[in-house]
Amino acid sequence: MKMSAQLSASATAARAHQEMFAYWASLRRGAGLPGRVDLHPASMKRLLPTVSLIDVVREPRDYRLRLAGTGLYGVYGREITGKGLSEVYNTAAAEYWRKELDKVVDERRPSVGVHSLAWRGAPHMSILWLRLPLASNGKDVDMILGYDAVVGAQVESSSGIRAA
């Protein structure tokens, strides 16, 4: 992939992140966090394919994917809705996500980052991710709204099988 195409894809991903963040921020109630009930899919229709909702499981703390958009199937190579982190990721990737999601819950703030898909056998691709806290009571994070933008070239292997 040419550098200009990579930059264009990254810029598009950044704009989508800005759009999702602005939508989430518009739902805030003063200093309070928005809750799942405040989300309206029609308001983020264009972004839905790579949106996820992640339940915060309390004792012991863990995370379960309540919903994963249809665009994430190609990233993970299977359906991940209803699965816990250790069911979706290898140990290192599950720990990465636990640490990142713990920050969102503990700090009650959005978080953003880049995660390589090397663990999935696709080192040429990454997810530019955004995780936004949701709280039914406006204070205690009980769900996380996720948005992922996939960046990088999809490489054809010599067998003609495309890496996902």
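Presented here is an overview of the structure given in this document. Just so it is clear, the model here is predicted, and its values are computed rather than measured.

**Quick notes on the overall build of the protein chain**
Link 1 in the chain: Broken down by element type, the protein chain carries 4 helices and 5 strands.
Link 2 in the chain: Considering the protein chain as a whole, with its 164 residues, one finds that 42% of them fall into the buried category.
Link 3 in the chain: Residue pairs at least 24 apart in sequence account for 49% of intrachain contacts in the protein chain once pairs closer than 6 positions are excluded.
Link 4 in the chain: Of the roughly 8700 Å² of accessible surface on the protein chain, 56% is carried by carbon and sulfur atoms.

**As for the pairing of strand β5 (residues 143-152)**
Sheet faces and side chains relate simply in a regular strand, where the side chains alternate between the two faces.
Link 1 in the chain: The buried fraction of β5 amounts to 8 of the 10 residues, a majority that puts the element mostly inside the structure.
Link 2 in the chain: Both strand β1 (residues 51-57) and β5 contribute to a ladder of 5 bridges, which runs antiparallel. Bridging from a neighbouring strand, L53 pairs with L145 of β5.
Link 3 in the chain: As paired elements, strand β4 (residues 122-134) and β5 share 10 bridges and run antiparallel to each other. Across the sheet, I127 pairs through a bridge with V150, a residue of β5.

**Concerning empty space enclosed by the protein**
Link 1 in the chain: All told, the structure shown has 1 cavity of 30 Å³ or more when counted by the stated rule.
Link 2 in the chain: The space that makes up the largest cavity amounts to roughly 90 Å³.
Link 3 in the chain: If you go around the largest cavity, the residues you meet are S52, I54, L65, L72, Y76, I80, L85, Y89, W97, L101, R131 and D148.
Link 4 in the chain: Elements supplying a minimum of two residues to the lining of the largest cavity: β1, α2 (71-76) and α4 (91-107).
Link 5 in the chain: Looking at the lining of the largest cavity, its residues break down into 9 nonpolar, 1 polar and 2 charged.

**Quick look at the packing of aromatic side chains**
Link 1 in the chain: Here the structure, examined in full by the defined rule, presents 6 aromatic pairs.
Link 2 in the chain: Ring centres of F21 and W24 lie 5.6 Å apart, and the angle between their planes is 45°; on these two criteria the pair is classed as tilted. Note that F21 and W24 are positioned in helix α1 (residues 3-26) at a spacing of 3 residues, about one turn of the helix.
Link 3 in the chain: Relative accessible area serves as the criterion here: at 37%, F21 is assigned to the partly exposed category.
Link 4 in the chain: Take W24: its relative accessible area is 1%, and that puts it in the buried class.

**Digging into the nonpolar core**
Note on soluble globular proteins: their nonpolar side chains tend to be buried together.
Link 1 in the chain: Within the largest apolar cluster, 47 residues are counted, with the highest numbers of intra-cluster contacts made by M20 and I144.
Link 2 in the chain: Going through the elements one at a time, α1, β1, β2 (62-68), α2, α3 (85-88), α4, β4 and β5 are the ones with two or more residues in this core.
Link 3 in the chain: Looking at which element gives the most residues to this core, the answer is β4, with 8 residues.

**Quick look at α4**
Link 1 in the chain: If you check α4, its first and last C-alpha atoms are 24 Å apart, about what 17 residues at 1.5 Å a residue would give, namely 24 Å.
Link 2 in the chain: Buried residues of α4: A93, A94, W97, R98, E100, L101, V104 and V105, and no others.
Link 3 in the chain: Two to three positions downstream of the cap, the backbone nitrogen of A92 sits 3.2 Å from a side-chain oxygen, assigning the N-cap of α4 to N90.
Link 4 in the chain: R108 occupies a position one or two residues after α4 and carries a positive phi of about 55°.

Conventions used here
Residues numbered from 1 in each chain as written. Predicted model: local features only at pLDDT ≥ 70, side-chain atom pairs only at ≥ 80, totals over all residues. Heavy atoms only, no water. Helix = DSSP H or I, 4+ residues; strand = E, 2+ residues; numbered from the N terminus. Buried < 20%, exposed > 50% of the residue type's maximum accessible area, 1.4 Å probe, protein only. Contact = heavy atoms within 4.5 Å. Areas by Shrake-Rupley, 256 points an atom, 1.4 Å probe, with all protein chains shown as cover. Pairing = 2+ DSSP bridges. 1 Å grid on protein atoms, 1.4 Å probe; cavity = no way out; pocket = protein on both sides within 12 Å on 5 of 7 lines; lining within 4 Å. Points joined across faces, edges and corners; volume = space filled by probe spheres on them. Nonpolar A, V, L, I, M, F, W, Y, C, P; charged D, E, K, R; others polar. Phe/Tyr/Trp six-rings, centres within 6.5 Å; stacked < 30°, edge-to-face > 60°. Core = buried A, V, L, I, M, F, W, Y, C linked by side-chain atoms within 4.5 Å. Expected span 1.5 Å × (residues − 1). Polar contact = N/O pair within 3.5 Å; in protein donor to acceptor, adjacent residues only side chain to side chain.

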